[in-house]
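# Topology and contacts: notes
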Amino acid sequence: RGVFLSVKGVNAKVRVPHFHETDCDLYTFLSIFLVYITRLYKKALRATLGENVEMETATCGYPRIGVNREMKTACEAFWAKKIPLKELLSISGQVHTTSLKDQLDAGVQYVGTGLHSLYDHVLDWTLRFGFIPDRFLPHASHASRDELRFLMARGSSGETALDMTKWYDTNYHNMTPEINASVLSRSATYTDLSDYVNLLKNAVSVAGSPARIAADVLGPVSFLERSSLDGVSFEEVLDSLLPVYKQTVEAIAALGVKRVHLHEPALVLARIAEHKWMRRAAERALADIKETASAMGLEMEIVLLTYYDDLTDSWDWISQLPVDGFGLDMTRGSNVDLIVKGQFPKDKSLVLGLIDGRSVWVDQNAIEMLEFVKSQPSMDRCKIVVGPSCPLLHLPIDLASEITEENRDAASKGSEAFVSCLSKATGLPEETAAGLRFARQKLKDLVQLAGASSAKAGQHAKVASLSKDEQKEVEAVGDVRRTTPYAERRLLQLNTLQSVVLPTSTIGSFPQTAEMRKERLKFRKGELSVSEYETKVDASIRECVEKQEALGLDVLVHGEPERSDMVEFFAEKMDGWLFTKKGWVQSYGSRYVRPPIVVGDIKRKGDAPMTVREFKVAQACTDKPVKGMLTGPTTILAWSFPRADISRAAQAFQIGRALRDEIADLQKAGCSVVQVDEPALRETLPLKKNRQAAYLLWATRAFRLSTVSAKPETHIVTHFCYSDFGEIADAIADLDADQVTIENSRSGMAMLKELRDCGAFARDFAPGVYDVHSPAIPSVETIAERLRLYLQEGAGGEGQKGSRVWVVPDCGLKTRKWDEVEPQLRNMVKAARLVRTEAAAAATNGKKSAVA
């Protein structure tokens, strides 16, 4: 094991791996050596000394945004050319260092390092592998790697950004790597691991020893599964990846880091068993990595981390992969069955994902599950490391941020004092506040769990699915639907637009100016009265409507100046929610959200309308229809932290009833178009097919419960963000909405063809025509060409001549600036009118030909 000892009289000089070289006497040496032996042979010691010996702990990712959103502020300042790249990187380094110290100070033995990012870790690995799409190649010679990263993420006036997609069933979005033959052929030229190596160097420096660091690496299967391949095979791409993984292992080893976390969440996917290339990729890559480590004489521990669900579909071959250990998510799916059935390899270590990295509540069953796992005969000789279920990226950073400054000192005087101060800050009863956990609190739980001893060994942990409860809720609500079929009610809707080809609208929000944000902050602080604040909001609404009128849009919106967030706004209007001050979570890039927390039963406060006042203000400014803007029940729940004591279905139906009453009130106020956004319908689809039908049943019923109060004359719209829609096409149809809008500009025609084949074009359809996440202003011809393709593909239904195809941006415009939005929308309207004229001319020529 590399222990070197030289004795000179009664003195000894000892050098032990993981300890500094030191001169000491024999007694001290023996004491140090005992600690070393304990580390190496903890399994044997556990058998002889009892179960009070603490287990090791490991993390695999931590929030990377900064407690005060330092990364958002710095990135946006850099994009606005207010700070240089050097300052941005300095701030990023400070945030990374703070994250490391959080984990080290908590007592985590193996601190996972490698997911910190300026934008997105999948994009980071895309660049490290050298996969630069053709359109960005001209920038590669003169732009820095970080500038190129932002160009690929955000696009520019001449280049479309990379596509985005949901990161499995979470609310995080990752960039989609684009790989074709030309990209692949030059990838070796642009391979660059320097930013990753710098992350590890910083970690080793902060930790003071490489022994405390585990290198987090995105695995080849997950990278390939996230990629869009054009004209190249998975095997060809893998051939180019393997040398880079070899370089990565060598770079990790050069820093003295001996533990590698290979992140492979893709292995939990249900379709993994159907795609043999995934198995071949995993086997080839891991064999190559192990061979590299062996050839270098490295004692490197490779741990395959999986999360977000279980491995039961493919465990037979995954368990045979040449790794030293596996990480299993014990909070979702049925990984515990692998252990109960004795299927876990006895010669592998197990990272037991007991601390839920996606819930803000205490993990009440963690101790019972740990003791249950330890009691299994198959675990008798297995090294167990306690960890979170997944990277903690999905959690806010610190509950202490919610406590007022004057109470911070009092809160630091023990857990009871902390809970008392948190209760005062949030207004929650102490027993409820005591159950809340953000990332820093989860670290504390993790370390405490590893040192815990319980007398409950042998009892099965209560980690049962809520599917039975959800099924009862679905049955109780019933199959609610609008009474008039779409074909009949559509003839009653939007009479002034029935024959308009390619009617135009937007998705909902318009730019939130700095002035409006300041006014909202003043109102929250009590510096503005309700009437004063409403006056400011109303002025913003009128200005927004005037701009839309000037642009020539057909269906307008009020612009949502009163809303800080599409979920938080509604939660604030309902009972049963807790709102945080600094509970921010990254959605993508610099887009952060502050999910509210469900703490009780949900209903409208005092049964009062939530959106009617602002709708009335907007509708009074125009004769054109103004949309009522709502967020759907599944999305409100998905973008919040739900309760842990009742089913998600029950919570979704509570929200649905509140929205049902809101639509009724909007109609009374004269609203004829209501948009109920459900962008999260796809993202929360269970990863395993055997659980998808039950989820979609309650999710679609919750939506229909929301819209069941709509009259036949009311046009119901729903919107979806970037997703793989094919798997939920039938569910989208089952929502029974009159119009479906999707975020599509980065996806080309592939997604539209898939939706067309699934019958989604049978209703009004609005695929986004330009990318709102980019500051680029698309030309009229660019948008027009896209619209021509939409009509050629049959969007909007047969025989409708384009009157059921809507022209809209990809998504809401809240994060953009007016000097970007106005020219973008102006070109969009011009493009719609151009193609209308072309369609009219074609129709006239067609009639002449028929007469002839």
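All figures in this text were calculated on a predicted structure; none of them were measured in a lab. (Residues numbered from 1 in each chain as written. Predicted model: local features only at pLDDT ≥ 70, side-chain atom pairs only at ≥ 80, totals over all residues. Heavy atoms only, no water.)

## Notes on the overall build of the protein chain
We count it as follows: Segments assigned H or I by DSSP are reported as helices when at least four residues long, segments assigned E as strands when at least two residues long, and all are numbered from the N terminus. Here a residue-residue contact requires only that any non-hydrogen atoms of the pair lie within 4.5 Å. Here the accessible surface of atoms and residues is derived via Shrake-Rupley with a 1.4 Å probe, and residues count as covered only by protein chains that are part of the display.
Within the protein chain, the regular secondary structure consists of 33 helices and 24 strands. Within the protein chain, contacts between residues separated by at least 24 positions form 77% of all contacts whose residues are at least 6 apart in sequence. Of the roughly 34,000 Å² that the protein chain leaves accessible, carbon and sulfur atoms contribute 51%.

## With respect to the confidence of the model for the protein chain
Any residue range with low pLDDT should be treated as having predicted coordinates unsuitable for detailed reading. Rule in force here: Every residue carries a pLDDT, the predictor's confidence in it, which falls somewhere between 0 and 100.
Looking at the protein chain as a whole, the pLDDT averages 87, with 87% of positions reaching at least 70. Confidence drops under pLDDT 50 across residues 7-12; counting only partners more than four residues distant or on other chains, this segment forms 14 contacts.

## A short note on the packing of aromatic side chains
For any pair of aromatic rings, geometry is given as the distance between the ring centres together with the angle between the planes. Heads up, the rule is: The aromatic pairing rule takes the rings of Phe, Tyr and Trp, using the six-membered ring of Trp, and pairs them if the centres are within 6.5 Å, calling planes under 30 degrees apart stacked, those over 60 edge-to-face and the rest tilted. Residue exposure (1.4 Å probe, protein chains only): buried if accessible area is under 20% of the type maximum, exposed if over 50%, otherwise partly exposed. Only when the NZ of Lys or the CZ of Arg is both within 6 Å of the ring centre and within 35 degrees of the ring normal is a charge said to sit over the ring.
All chains considered together, the criterion is met by 21 aromatic pairs. Taking the centre distance of 5.7 Å and the plane angle of 45 degrees together, the rings of Phe78 and Phe150 count as tilted. In this pair, Phe78 sits in helix α3 (residues 70-79) while Phe150 sits in helix α7 (residues 145-154), placing the two residues 72 residues apart along the sequence. Measuring from centroid to centroid gives 5.9 Å for Trp315 and Phe344, while their planes differ by 20 degrees, and the two rings are stacked. With Trp315 in helix α14 (residues 315-318) and Phe344 in the loop between α15 (336-340) and β14 (349-355), this pair connects stretches of sequence that are 29 residues apart. On the basis of relative accessibility, which here comes to 2%, the residue Phe344 falls in the buried class. Taken together, the aromatic side chains of Trp125, Phe129, Phe131, Tyr196, Phe223 and Tyr245 make up a single cluster linked through ring pairs. Of note, Arg69 hangs over the ring of Trp584, and the distance from its end group to the ring centre comes to 3.9 Å.

## Looking at the sheet that holds strand β5 (residues 111-113)
To keep it simple, the criterion reads: Here a strand pair is declared whenever DSSP counts at least two bridges between the two strands.
Pairing in this open sheet of eight strands is parallel, and the strands run β4-β15-β14-β13-β12-β11-β9-β5 from one edge to the other. The open sheet is flanked by β4 (56-57) and β5, the only strands paired with a single partner. Inspection of the sheet shows strand β13 (residues 325-329) paired to β14 by five bridges, in the parallel sense. Bridged to Asp329 within β14 is Gly353.

## A closer look at the side chain of Ser389
What counts, and what does not: Think of a polar contact as two N or O atoms within 3.5 Å of one another; within protein, one of them needs to be a possible hydrogen donor and the other a possible acceptor, and neighboring residues in sequence only count if both atoms come from side chains.
With respect to the secondary-structure elements, Ser389 resides in the loop between β15 (384-388) and α17 (408-411). In this structure the side chain of Ser389 is engaged in a polar contact, spanning 2.9 Å, whose partner is the backbone nitrogen of Gly357. The contact partners of Ser389, leaving out residues within four places of it in the chain, are Thr306, Tyr307, Asp329, Thr331, Gly353, Leu354, Ile355, Asp356 and Gly357.

## Quick look at helix α28 (residues 648-668)
The cut-off we apply is this: Here the expected length of a helix is defined as 1.5 Å per residue gap, with one fewer gap than residues.
The terminal C-alpha atoms of α28 lie 31 Å apart, and with 21 residues this matches the ideal 30 Å at 1.5 Å per residue to within 8%. Buried residues dominate α28, accounting for 15 of its 21 residues.

## Points about the pattern of salt bridges
Defined as follows: For this analysis, a salt bridge means a side-chain nitrogen from Lys or Arg found within 4 Å of a carboxyl oxygen belonging to Asp or Glu.
Summed over all chains, the structure comprises 56 salt bridges. With its nearest N and O atoms 3.1 Å apart, the salt bridge here joins Glu301 to Arg259. One end of the pair, Glu301, is in strand β12 (residues 301-305); the other, Arg259, is in strand β11 (residues 259-263), with 42 residues separating them in the sequence. Residue Glu301 shares its accessibility class with Arg259, and that shared class is buried. The residue Asp309 makes a salt bridge to Arg691 at a minimum N-O spacing of 2.5 Å. With Asp309 in the loop between β12 and α14 and Arg691 in helix α29 (residues 689-707), this residue pair connects regions lying 382 residues apart in the sequence. On the accessibility criterion, Asp309 (3% relative accessible area) is buried. Residue class for Arg691 comes out partly exposed when judged on its relative accessible area of 27%.

## Section: the packing of α28 against α29
What counts is decided by this rule: Lines fitted to C-alpha atoms define the axes, with helix axes restricted to the stretch in contact, and inter-axis angles between N-to-C directions lie between 0 and 180 degrees. By the definition adopted for this analysis, an angle is roughly parallel if under 35 degrees, roughly antiparallel if over 145, roughly perpendicular if from 65 to 115, and oblique otherwise. For a crossing to be left-handed, the near helix must be turned anticlockwise from the far one by less than a right angle; the clockwise case is right-handed. Each residue receives one of three labels: charged for Asp, Glu, Lys and Arg, nonpolar for Ala, Val, Leu, Ile, Met, Phe, Trp, Tyr, Cys and Pro, and polar for the others, Gly being one of them.
Interhelical geometry of α28 versus α29 gives an angle of 20 degrees and a closest axis separation of 6 Å. The angle between α28 and α29 falls in the class roughly parallel. The handedness of the crossing between α28 and α29 is right-handed. Across from Arg648, Ala649, Ala652, Phe653, Gly656, Arg657, Leu659, Arg660 and Ile663 in α28, the residues of α29 making contact are Tyr695, Trp698, Arg701, Ala702, Leu705, Ser706 and Thr707. Residue classes in the contact of α28 with α29 are distributed as nine nonpolar, three polar and four charged.

## Focus: the sheet that holds strand β22 (residues 715-720)
Read across the open sheet, the five strands follow the order β20-β21-β22-β23-β24; overall the sheet is parallel. Looking at which strands have only one partner, the edges of the open sheet turn out to be β20 (627-631) and β24 (764-767). Each strand axis lies, on average, 20 degrees off the axis of its neighbour in the sheet, ignoring direction. As paired elements, strand β23 (residues 739-742) and β24 share four bridges and run parallel to each other. Each bridged residue has a counterpart across the sheet, and for Val740 the counterpart in β24 is Phe765. Packed on one face of the sheet, α28 meets β20 and β21 (673-677) and runs near 170 degrees to β20.

## So, the environment of Phe223
Here Phe223 lies in helix α11 (residues 220-226). Taking the relative accessible area as the measure of exposure, Phe223 reaches 0% and is therefore buried.

## Describing unusual backbone geometry
The residue Leu494 is not glycine, and still its phi comes out positive at about 50 degrees. In this fold, Leu494 is placed in the loop between α22 (486-489) and α23 (514-524). Here Leu494 falls in the buried class, since its relative accessible area comes to 10%. Backbone geometry at Asp736 places phi at a positive 65 degrees, although glycine is not the residue there. Inspection of the secondary structure assignment puts Asp736 in the loop between α30 (729-734) and β23. Asp736 sits in the buried class, given a relative accessible area of 11%.

## Focus on the environment of Arg682
Locating Arg682 in the fold gives a position in the loop between β21 and α29. Spatially, the C-alpha atoms of Arg682 and Cys721 are 9.0 Å apart, while their sequence positions differ by 39 residues.

## Topic: the pairing of β11
With five of five residues buried, β11 lies mostly within the body of the structure. A two-sided burial pattern is seen for β11, the buried positions comprising Arg259, His261 and His263 on one face and Val260 and Leu262 on the other. As paired strands, strand β9 (residues 213-218) and β11 are joined by five bridges and run parallel to one another. Following the sheet pairing, Asp216 is matched in β11 by His261.

## Quick word on the pairing of β15
Counting buried residues along β15, five of its five residues qualify, which places the element largely inside the surrounding structure. Sheet analysis places β4 next to β15, joined by two bridges and oriented parallel. Its bridge partner being in β15, Glu56 is matched across the sheet by Val385. Pairing between β14 and β15: five bridges, direction parallel. Bridged to Leu352 within β15 is Val386.

## Digging into the environment of Pro265
In this fold, Pro265 is placed in the loop between β11 and α13 (276-295). In this structure the C-alpha to C-alpha distance between Pro265 and Leu218, which are 47 residues apart in sequence, comes to 9.2 Å.

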